[in-house]
Amino acid sequence: HNVYSFFSLYANIDNFSYKEEIIEFEKRSELDQWILSELNSLIKKVDNHYNEYDLTPASREISDFVQEKLSNWYVRLSRRRFWKGEYNNDKISAYQTLYECLSSISKVISPIAPFYSEYIFQCINTVTKKEDYESVHLSEFPSSDEDLINLELEKKINQVRNICSLALSIRKKEKLKVRQPLKKIIIPVKDKNEKNDIENAKAQILSEINVKSIEFLDSKDSLLIKELKPNFKILGPRYGSIINDVSNVIKGFSQEQIENLERNERTNFMINETNVTIDLDDVEINYKDIEGLSVASGDGITIALDLKLDENLINEGIARELVNRIQNIRKSKGLEVTDKIEINIKKSEKLENAIKSNLDYIKGETLANKLYFSENFEDEGETLEFDDINTVITINKI
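So, a few notes on the structure that sits alongside this text.

Thresholds applied
- Residues numbered from 1 in each chain as written.
- Predicted model: local features only at pLDDT ≥ 70, side-chain atom pairs only at ≥ 80, totals over all residues.
- Heavy atoms only, no water.
- Salt bridge = Lys/Arg side-chain N within 4 Å of Asp/Glu carboxyl O.
- Helix = DSSP H or I, 4+ residues; strand = E, 2+ residues; numbered from the N terminus.
- Buried < 20%, exposed > 50% of the residue type's maximum accessible area, 1.4 Å probe, protein only.
- Phe/Tyr/Trp six-rings, centres within 6.5 Å; stacked < 30°, edge-to-face > 60°.
- Lys NZ or Arg CZ within 6 Å of the ring centre and 35° of its normal.
- Pairing = 2+ DSSP bridges.
- Axes fitted to C-alpha atoms, helices over the stretch in contact; angles between N-to-C directions.
- Bend = angle between axes of the 7 residues up to and from the residue.
- Contact = heavy atoms within 4.5 Å.
- Parallel < 35°, antiparallel > 145°, perpendicular 65-115°, else oblique.
- Left-handed = near helix turned anticlockwise from the far one by under 90°.
- Nonpolar A, V, L, I, M, F, W, Y, C, P; charged D, E, K, R; others polar.

Following the criterion strictly, the structure yields 27 salt bridges and no others. Notably, a salt bridge pairs Glu-100 with Arg-28, separated by 3.1 Å at the nearest N-O pair. Placement of Glu-100 in helix H4 (residues 89-108) and of Arg-28 in the loop between helix H1 (2-14) and helix H2 (30-51) is noted, with a sequence separation of 72 residues between them. No difference in accessibility class separates Glu-100 from Arg-28, as the two residues are buried. Measuring nitrogen to oxygen at the nearest pair gives 2.8 Å for the salt bridge that ties Asp-388 to Lys-350. Here Lys-350 lies in helix H13 (residues 349-356) and Asp-388 lies in the loop between strand E11 (382-386) and strand E12 (389-397), a separation of 38 residues in the sequence. It is possible to trace a salt-bridge network through shared partners that takes in Lys-177, Arg-179, Glu-321, Arg-325 and Asp-387.

Using the criterion set out here, one finds 14 aromatic pairs in the structure. The interplanar angle of 85° and the centroid separation of 6.1 Å between the aromatic rings of Phe-7 and Phe-16 together place this pair among those described as edge-to-face. Accessibility expressed as a relative area gives 5% for Phe-16, which makes it buried. Ring plane angle 40° and centroid distance 5.6 Å describe the contact between Tyr-116 and Tyr-119, whose orientation is recorded as tilted. Highlighted residues: Tyr-116 and Tyr-119, both in helix H5 (residues 114-128), separated by 3 residues, approximately one helical turn. Judged by its relative accessible area of 33%, Tyr-116 falls in the partly exposed class. Classification of Tyr-119 as partly exposed rests on a relative accessible area of 38%. Here the aromatic cluster, defined as three or more aromatic residues joined through ring pairs, consists of Phe-6, Phe-7, Tyr-10, Phe-16, Tyr-18, Phe-82, Tyr-87, Tyr-95 and Tyr-99. The ring of Tyr-18 has Lys-130 sitting right over it, with the charged end atom 4.1 Å from the ring centre.

What follows covers the sheet that holds strand E2 (residues 211-218). As summarised here, the arrangement of the 4 strands in space is E2-E1-E8-E7, forming an open sheet in which the pairing is mixed. Of all the strands in the sheet, just E2 and strand E7 (293-298) have a single pairing partner and so form its edges. Between one strand axis and the next, the sheet turns by 20° as a mean value, whatever way the strands run. With 7 bridges joining them, strand E1 (residues 182-189) and E2 adopt parallel strand pairing. Looking at the pairing, Pro-188 lines up with Leu-217 of E2.

Most pronounced at Val-75, the bend in helix H3 (residues 55-83) amounts to some 45°. Three or more residues of H3 are buried, namely Ala-58, Ile-62, Phe-65, Lys-69, Leu-70, Trp-73, Tyr-74, Val-75, Ser-78, Arg-81 and Phe-82. If you follow the buried residues of H3, they end up packed against H1, H2, H4, helix H6 (151-174) and helix H8 (202-209).

Below, the discussion takes up the packing of H2 against H6. Their axes nearest at 9 Å, the elements H2 and H6 cross at an angle of 105°. Taken together, the axis directions place H2 and H6 in an arrangement best described as roughly perpendicular. Together, Glu-30, Gln-33, Trp-34, Ser-37, Glu-38 and Ser-41 of H2 and Leu-153, Glu-154, Lys-156, Ile-157, Asn-158 and Arg-161 of H6 make up the contact between the two elements.

Attention now moves to the pairing of E7. Sheet topology note: the E7/strand E8 (residues 301-306) ladder contains 6 bridges and is antiparallel. Its bridge partner lying in E8, Gly-298 is registered against Ile-301. The antiparallel hairpin formed by E7 and E8 contains 2 residues in its connecting segment, where Asp-299 sits at a positive phi of about 50°.

Right, let's get into the pairing of strand E4 (residues 266-271). Across 6 bridges, E4 lies against strand E5 (residues 274-279) in antiparallel orientation. Among the inter-strand pairings, Arg-266 is bridged to a residue of E5, identified as Asp-279.

All right, on to the sheet that holds E11 then. Ordered in space as E10-E9-E12-E11, the 4 strands form an open sheet in which the pairing is mixed. The sheet terminates laterally at strand E10 (368-374) and E11, the two strands that pair on one side only. Within the sheet, the average angular offset between the axes of one strand and its neighbour, ignoring direction, is 30°. Bridge count between strand E9 (residues 341-346) and E12: 5 bridges; the pairing is antiparallel. Of the residues in E12, the one forming a bridge with Asn-344 is Thr-394.

Packing of H1 against H3 brings their axes to within 11 Å, and their N-to-C directions diverge by 15°. With respect to each other, H1 and H3 are oriented roughly parallel. The interaxial crossing formed by H1 with H3 has left-handed handedness. Facing Val-3, Phe-6, Tyr-10 and Asp-14 of H1, the residues of H3 in contact are Leu-70, Ser-71, Val-75, Arg-79, Phe-82 and Trp-83. Classifying every residue of the contact of H1 with H3 gives 7 nonpolar, 1 polar and 2 charged.

If you want it as structure tokens, here you go:
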């Protein structure tokens, strides 16, 4: 419903009704091609589950697609394409792609969510009249277009999603808001192909996790220090009375020994005349945090975030928090997303420094033509408190 609400808001502003020529698949952005590939893969999986009358995995596949891929990734990264003023092919492509996703989803959920699927179908088809069916339940169930499925692209984008997920997990662990910019993310890569894939998605990664740069490392680089953790559920029954000795040896592995285990997937050593064999699945490989960095790993990927903050990064974080508060005030006042405003803020040295160094960003994001500081507000304005900032602000429509 949130995806549909987002789509309808901007489609109404731009009077999008799918009357333009269809943008060819090959001419759409990589992000559009990815979500359409994922959509057609989904249709194929769900159709197979329905044929087996297996509704639970079908529901889970649809839920994962809508929440994680469509909403939390595609819409999030495409927002500015809908916001921007120029109604060009890129914007039309974004509208057509999101429309196609909503239309197909309304059909694939129809057997298990009959009323809501009808609601979405009627909401979009009443405007575009692309289909001659009176109801979603009278329409043709979508068929998967194999020509639109690109498994390599899906793998590439999902790797980027994993990188972002790991980075966001670090922010949560370290209690660092996403609005606070960080200096860099450090990513060890196995080869040039992996590096190129990540490089091609650099803008998405930097935007999603709010860092300024990416630093690539050879996977053997000593900056990230590996350590082994024994899997006692597997090793305990196997080695019984000597499990503690086995555990101590594993924990004491050098970086070279760990890399040999990763490469060969097996290693051997002797304990009290017992030959101990350790497979890669018998251990968990983690990375130690080192000063100024925090490390996370999962699904074969490891990343580190540089947590050190300088004055410029702190000021930008304050500016982003201020923008968020202003946007909330705009919403509470019932302002349209296209309304221009002027902003008056109570004087505060720390806040003024942050605003002055990020003025264009703040005005651009909030559609502010004017921003100025005042001494006295008396009973006017709204109090803003975040981090160690305490101020008063008024905004007025121009």
